[in-house]
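These are the residues of each chain, in order.
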Amino acid sequence: MLSNSNLEASYNLRKDKVQKAIRDVYTKIGTSIDIGELAFVTELNVVMNLLWGGTIDGDDKQDKIGAEFRKVASKFVDLMGKPNISDFFSNSCQETFRLHPRPPLLVPRISSQSCMLGGYTIPKGSRVFLNTWSVYMDPLVWENPSNFNPERFLNIDNDKLWDYLGNSFEYLPFGSGRRKCPGLHLAEKMVMYVLASLLHSFDRKLPEGENVDLSETFGIVIRKTKPLIAIPSPRLSSLSMYE
Ligand code: HEM
């Protein structure tokens, strides 16, 4: 829309609007004029004319520009209504916590009284391990559970609150109840902040001949079997921005 050729094509329109502004000012000689408002209104008039097109009689080019502007503007409005990159980023963290939970089992609990759970009797005093990893990999709970799909957390069609507070039993990356992770708010912010800062500040590549290997080794916490080694290079325009 604002390419040189399009601006060139709208030269007559711009000239008209500026001339009109000059004429207006001329009629107000000797009085005070708000220059900022004048410039703003003139620019707005040009844009509005481009937006609705066909301002200059019989000039096809103007119609084309108007149509193009409308297309761009409607795409923009459409985009504004959609979840943005920051949603996608936090959804990516949520999905990472699901697909790669740090502790596969929550802290063990002891049942304070006998109860029935999923058709099983849990006698009073039993030590209970909650295997959240197997919940996250259960196709009855998560569609295509082994796929990395941040969009599943977008909450568009479902009323689930996918937060970290431990209220949805399908998703407990920081546990639930009185023994849930006391570091959750710190961890939530730091993971996002550190990851976003790294992505913003550096490009990265793998060492020669290496591939990304996501295999994991089970334990009290799940670890990557092979550490991820990446070679960073600066992305920001000036080295002083890293100080
Ligand atoms: C991404 C980072 C982290 C994850 C995914 C995570 C996850 C968890 C999980 C699942 C539990 C078990 C909760 C339960 O059984 O209900 C837990 C417990 C715990 N976490 Fe974290 N955690 C993280 C970071 C932290 C940090 C930063 C701290 C401290 C500053 C912390 C301190 C603790 C402690 C002390 C417990 C034991 C709580 C208890 O048994 O009462 N964690 N964490």
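Cut-offs applied
- Residues numbered from 1 in each chain as written.
- Predicted model: local features only at pLDDT ≥ 70, side-chain atom pairs only at ≥ 80, totals over all residues.
- Helix = DSSP H or I, 4+ residues; strand = E, 2+ residues; numbered from the N terminus.
- Buried ≥ 20, exposed ≤ 12 C-beta atoms within 10 Å, placed from the backbone.
- Contact = placed C-beta atoms within 7 Å.
- UniProt positions renumbered as here; feature names shortened; annotations may be inferred.
- pLDDT = per-residue confidence, 0-100.
- Expected span 1.5 Å × (residues − 1).

**Student:** Let's hear about the overall build of the chain: which residues, and what values?
**Tutor:** Helix and strand counts for the chain stand at seven helices and eight strands. Counting over 243 residues, the chain shows a buried share of 9%. Residue pairs at least 24 apart in sequence account for 52% of intrachain contacts in the chain once pairs closer than 6 positions are excluded.

**Student:** Residues and numbers for the UniProt feature "binding site: heme" (unreviewed entry) in the chain, please.
**Tutor:** With numbering matched to this structure, UniProt assigns "binding site: heme" (unreviewed entry) to C181. Ignoring sequence-local partners within four residues, the contact set of C181 consists of F174 and G175.

**Student:** Just give me the short version of the confidence of the model for the chain, but keep the residues and values in it.
**Tutor:** Overall, the predicted model of the chain reaches an average pLDDT of 81, with 79% of residues at or above 70. The secondary structure element of the chain with the lowest average pLDDT is helix α4 (residues 60-80), at 63, and the one with the highest is helix α6 (residues 132-136), at 95. Listed scores for the predicted complex are pTM 0.68 and ipTM 0.96.

**Student:** Describe the environment of L154, listing the residues and the values that go with them.
**Tutor:** Within the secondary structure, L154 sits in the loop between α6 and α7 (184-201). When the C-alpha atoms of L154 and N91 are compared, they prove to be 7.0 Å apart, with 63 residues separating the residues in sequence.

**Student:** Any details on the environment of R98? Residues and values, ideally.
**Tutor:** Mapped onto the fold, R98 is located in helix α5 (residues 85-99). Separated by 52 residues in sequence, R98 and P150 place their C-alpha atoms 9.9 Å apart.

**Student:** How would you sum up unusual backbone geometry? Please name residues and give values.
**Tutor:** With a phi angle near 40 degrees, N144 is a residue other than glycine that sits in the positive phi range. Considering the arrangement of structural elements, one finds N144 in the loop between α6 and α7. Taking the C-beta count within 10 Å as the criterion, N144 has 9 such neighbours and is therefore assigned exposed.

**Student:** Go over the environment of T225 with me, naming the residues and quoting the values.
**Tutor:** Here T225 lies in the loop between β7 (223-224) and β8 (231-234). Those residues in contact with T225 that sit more than four places away from it in its chain are S215, E216 and T217.

**Student:** An account of α7 is needed here, citing residue identities and associated values.
**Tutor:** Taking 1.5 Å of rise per residue, the 18 residues of α7 would be expected to cover 26 Å, and the 25 Å separating its terminal C-alpha atoms lies within 8% of that figure. Counting buried positions along α7 yields zero of 18 residues, so the element is predominantly exposed.

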